[in-house]
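If you want the building blocks of each chain, they are given just below.
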Amino acid sequence: MTGADWLAGWETWFETAAVGMVLTAGGRCRLVNSRAAELLGYGVEELLGQPAGALFPSADAYAQVSQAAAPGLAAGRRFETDTCLRRRDGSPLWVRLAARRTPDSGPGQPTLWVLQDISAERGVQDALQQTMQEMYGILNTAVFGIALLRDRRVHRCNTRLEELFGFGPGEMFGLSTRVWYPSDEVWRFVGDDVYADLAAGREATRDLELQRRDGSRFWGRLAGRAFDPARPQAGSVWIVEDLTEQHAAEAQLLLAKKVFEVNSEAIMITDADNRIVSANAAFQAITGYSEGEVRGRDPRFMGSGRHDRAFFDSMWAALKADGHWAGEIWDKRKDGSIYPKWLRIDVIRDEKGKVTHHVAIFSDITERKATEERVRFLAHHDALTGLPNRLTLSLHLDHALSQARRENARLGVMFIDLDNFKRINDTLGHHIGDLLLCEVARRIRSAVRESDIVARIGGDEFVMVIERGQLPGDAATVAQKIIEKVSQPFVFDCHELHTSPSIGICVFPEDGGDIDTLMKNADTAMYHAKSLGRNNYQFYAAEMNAAAVQRLQLESRLRAAVAGRTEFVLHYQPQVDVTAGRTDGFEALIRWQPVGLPPVPPGEFIPVAEEIGLITQIGEWVLREPCRQARAWLAAGVPFRRVSVNISPQQFRQRHFPALVAMILGEAGLPPACLELEITEGTVMDSAENAVSILNELKALGVGLAIDDFGTGYSSLAYLKRFPIDRLKIDRSFVMDIEVDSSDAAIATAVIALAHSLGLSVVAEGVETPGQLEFLCRHGCDSIQGFLLQRPVAAPEAAKFCQSA
């Protein structure tokens, strides 16, 4: 083949090639085939001579390709790259560009460029790249963490997963999923558990506690599926959801549900049409209706009928205007009973302000209203007896006085005080005392007219107001009826009790024109009744005020004397053993000598001290002082044998009385055998069982025990033999007429015989004549005490008597 033939064949191949071809030399296009011109949108002639750089979008793009191709072309190697050219119309043309130097490298280094149109391929790649970018965008903006795992290691993951576990971008790649879990045990357990589901071709879903990089924990949900169930470890995709807010919301919902269920107040929820949709257990407890019985019903079916239409119109108007309403309302239970409740209704609206529900919360206020009524009652009445109290009495009496003045009428005020109530209360306890007061109140109430007011103003004191009667005659009649009713026996808890009233009466206007004066004068008359032997009534008289003033003065001086204790002294009266003719002991007797005033006999101040609560203080001093004196006599060698001390009923009933005796003996350093305690017959018999216990405690100390005033009470022989006593003292009332009164003589003789049969010795008090002494000696009395031998004297004289006897 000639050169011309080869050249002609090459030109044909160049021109008809399916790819574009461009021969450049010196940086310009020297040959361009039709396909290249077509691809670039030019005519062949238009491209000839054009700079090669004109085919590129920019000079930089051309320079980048030229620089990349130069080394390989210079070495005779083929260069290939994908690049973007520019068509004549400016649109991009993606081509696969291949270049090689021609064998005949003449001037300008001729280079053949082959252009293969890859626009369609590039479009697919761009679409795929776009799709991948969109997918990555979706993954990285997802609210869930997403991970691709291989062999339980993170192969790929989105940004959210890294954020959930506290890692930075890319830091989780290749990490074991162990970092997700709080412990190795949990990690292994989850692996064994969930991969069994993956191997079975199931989706694995678990809610569990996960751990962040910083060690903090959160509740999450894992959901995964394997690419190939036969090889689940080889690849699986997992979604990790943060359940923290969901768990908190669920916990809050559960809490709200529990509050709804266990709330002690009834809760009822209605829809926008006021149909019941839900009710709690308290609702059923209060109304009697279960939730199923009321669901879908209008609450009006539980209405009591007590409220009119205006009431409900006002309620709904408030709900519409304010969104809530609260107030008291009466409803009807399932059993038909009517009850009051405190109701609050709140309107629930959606985000658009439309009413969706009403929530009603209510409580049964039956007890509260009863309590309020009780409080109102107690403000004006005595809590124990139910009678009007001092306040109500004052209001009623003020009204009655105003009416009596207008009508020029009389009005009676009666002051009633129970006799011996304190002794009953102290002996048998407040429970029995309260029962007694209630029954006394009932009996007084039954003795008067319905219109007459009877009030309890405190303790055992009652006041009655008599209106519109024939006074003072009606007052006397009523007082006598009260005395008769109250004096009847009372029986409580197998105890038969006896009390009586002392009643003072005053009349308006003669005895006073105002409340304070009438009350004071009625009280004065009552004390006068007590002074006359009790269990009687007395009308007020002006001279009673003098006695009342004297009593008040006596109380005041007595309180001051007890506080100072300098006005009390002890005198001692000897007791003589009539057989041996020697001093058998002394009885310590208290005397009160007020400064600048005459002495006050014990018979006057001791009852007052008992009444105003000072007797225990006086009694402790009377016990302590003789012990001190007896110890001094022992030190001085005075042969007195024993000193006897009288113990008051209140002192004897003190809870720690035996301990007090032991303490005083210890402080004085006195041997217990040198002390004898005298307790009256009435004291030990008031509560015999309790007295046995106290006497046994005292006897265990080693002191002597004597029953004083024996014969004046009502001793039971069954108890008498149980009492650990040493002596009986015959009361002076039996000794006084022993020579002329056969009854007294018989009683004295019987007491001596009884005492000796029980192994007790006998002391006779009040012996003042030789005849009395002769009678007692003849009948075997052991010791005597009285003015015949010696009046009570101060301690020095008592010691002299003992030493001279």
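Quick note: structure is the one above.
All of these numbers come straight from a predicted model, not from anything done at the bench. (Residues numbered from 1 in each chain as written. Predicted model: local features only at pLDDT ≥ 70, side-chain atom pairs only at ≥ 80, totals over all residues. Heavy atoms only, no water.)

Caption draft 1: Examining the environment of Arg188 more closely. Take Arg188: it is sitting in helix α7 (residues 184–199). Along the primary structure Arg188 and Leu319 are separated by 131 residues, whereas in three dimensions their C-alpha atoms are 59 Å apart. (Helix = DSSP H or I, 4+ residues; strand = E, 2+ residues; numbered from the N terminus.)

Caption draft 2: Quick look at the pattern of salt bridges. Inspection of every chain in the model, using the stated rule, returns 47 salt bridges. Residues Arg309 and Asp313 are paired through a salt bridge, measuring 3.8 Å at the closest nitrogen-oxygen approach. Taken as a pair, Arg309 and Asp313 lie in helix α11 (residues 309–322) at a separation of four residues, close to a single helical turn. Asp346 serves as the salt-bridge partner of Arg344, at 2.9 Å between the closest nitrogen and oxygen. Sharing partners across several salt bridges, the network here consists of Arg78, Glu80, Asp82, Arg96 and Glu121. (Salt bridge = Lys/Arg side-chain N within 4 Å of Asp/Glu carboxyl O.)

Caption draft 3: Region of the structure containing a nonpolar patch on the surface. The grouping of Val143, Phe144 and Ile239 at the surface amounts to a nonpolar patch, some 250 Å² of accessible area in total. Mapped onto the fold, Phe144 is located in the loop between α5 (119–141) and β6 (145–150). (Patch = residues over 30% accessible without salt bridge, like charges linked within 9 Å, V, L, I, M, F, W, Y side chains within 5 Å. Areas by Shrake-Rupley, 256 points an atom, 1.4 Å probe, with all protein chains shown as cover.)

Caption draft 4: Representation of the sheet that holds strand β5 (residues 111–117) in the model. Strand order in the open sheet formed by five strands is β2-β1-β5-β4-β3, with antiparallel pairing between adjacent strands. Either end of the sheet is taken by a strand with one partner, and the two such strands are β2 (28–32) and β3 (79–86). Going across the sheet, the axis of each strand differs from the next one's by a mean of 35°, ignoring polarity. In this sheet, β2 lies alongside strand β1 (residues 20–25) in antiparallel orientation, the contact comprising four bridges. Across the sheet, the residue bridging to Leu23 is Leu31, located in β2. (Pairing = 2+ DSSP bridges. Axes fitted to C-alpha atoms, helices over the stretch in contact; angles between N-to-C directions.)

Caption draft 5: Just the nonpolar core, in detail. Grouped together as the largest cluster of nonpolar side chains are 79 residues, with contacts concentrated most on Leu558, Phe568, Leu675, Leu677, Phe723 and Leu776. Looking at this core, the element that brings in the most residues is helix α20 (residues 615–636), giving eight residues. Not counting residues up to four positions away in its chain, the partners in contact with Leu677 are Leu623, Val645, Ile647, Phe657, Val661, Leu698, Val703, Gly704, Leu705 and Ala706. Within the second largest apolar cluster, 31 residues are counted, among which are Ile444, Phe462, Ala475 and Ile503. (Core = buried A, V, L, I, M, F, W, Y, C linked by side-chain atoms within 4.5 Å. Buried < 20%, exposed > 50% of the residue type's maximum accessible area, 1.4 Å probe, protein only. Contact = heavy atoms within 4.5 Å.)

Caption draft 6: Representation of the state of the cysteines within the structure. One pass over the structure, following the stated rule, counts zero disulfides. We note that Cys777 lacks a disulfide partner, and the nearest cysteine sulfur, in Cys781, lies 7.4 Å from it. (Disulfide = S-S within 2.5 Å.)

Caption draft 7: Structural view of the pairing of strand β26 (residues 675–680). With five of its six residues buried, β26 lies for the most part within the structure. Summarising the sheet, strand β25 (residues 643–647) and β26 pair through five bridges and their orientation is parallel. Directly across from Ile647, in β26, lies its bridge partner Ile679. Where β26 lies against strand β27 (residues 704–710), five bridges are found, and the strand directions are parallel. In the strand pairing of β27, Thr680 is matched with Asp708.

Caption draft 8: Molecular detail of the sheet that holds strand β9 (residues 217–226). The sheet built from five strands is open, its strands ordered β7-β6-β10-β9-β8 with antiparallel pairing. Edge positions in the open sheet fall to β7 (153–157) and β8 (204–211), since each of these has one partner strand only. Strand-to-strand twist of the sheet, defined as the mean angle between neighbouring strand axes without regard to direction, takes the value 35°. Sitting on the sheet, α7 touches β6, β8, β9 and β10 (236–242), and the angle it makes with β8 is about 165°. Contacts from helix α8 (residues 244–262) reach β9 and β10 within the one sheet, and its direction differs from that of β9 by about 120°.

Caption draft 9: Inspection of α20 at higher detail. For α20, spanning 22 residues, the distance from its first C-alpha to its last is 32 Å, which sits close to the expected 32 Å at 1.5 Å a residue. For α20, the set of buried residues is Ile615, Ile618, Gly619, Trp621, Val622, Leu623, Pro626, Cys627, Gln629, Ala630 and Trp633. (Expected span 1.5 Å × (residues − 1).)

Caption draft 10: Layout of the environment of Phe775. Among the structural elements, Phe775 can be located in helix α28 (residues 770–778). Taking relative accessible area as the criterion, Phe775 reaches 11% and is therefore assigned buried. The sequence separation of Phe775 and Ile738 amounts to 37 residues, and the corresponding C-alpha distance is 7.9 Å. Ignoring any residue separated from it by four or fewer positions in sequence, one finds Phe775 in contact with Ile738, Ala745, Ala748 and Thr749.

Caption draft 11: Broad picture of the packing of aromatic side chains. One pass over the structure, following the stated rule, counts 19 aromatic pairs. Taking the centre distance of 6.2 Å and the plane angle of 45° together, the rings of Phe568 and Trp621 count as tilted. A residue pair is termed long-range when its members are at least 10 positions apart, and Phe568 in strand β23 (residues 568–577) and Trp621 in helix α20 qualify at 53 residues. With centroids separated by 5.2 Å and ring planes inclined at 65°, the aromatic side chains of Tyr572 and Trp633 adopt a geometry described as edge-to-face. In this pair, Tyr572 sits in strand β23 while Trp633 sits in helix α20, placing the two residues 61 residues apart along the sequence. In terms of burial, Tyr572 and Trp633 fall into one category: buried. A connected cluster of aromatic rings, assembled from ring pairs, spans Phe165, Trp180, Tyr181 and Phe218. (Phe/Tyr/Trp six-rings, centres within 6.5 Å; stacked < 30°, edge-to-face > 60°.)

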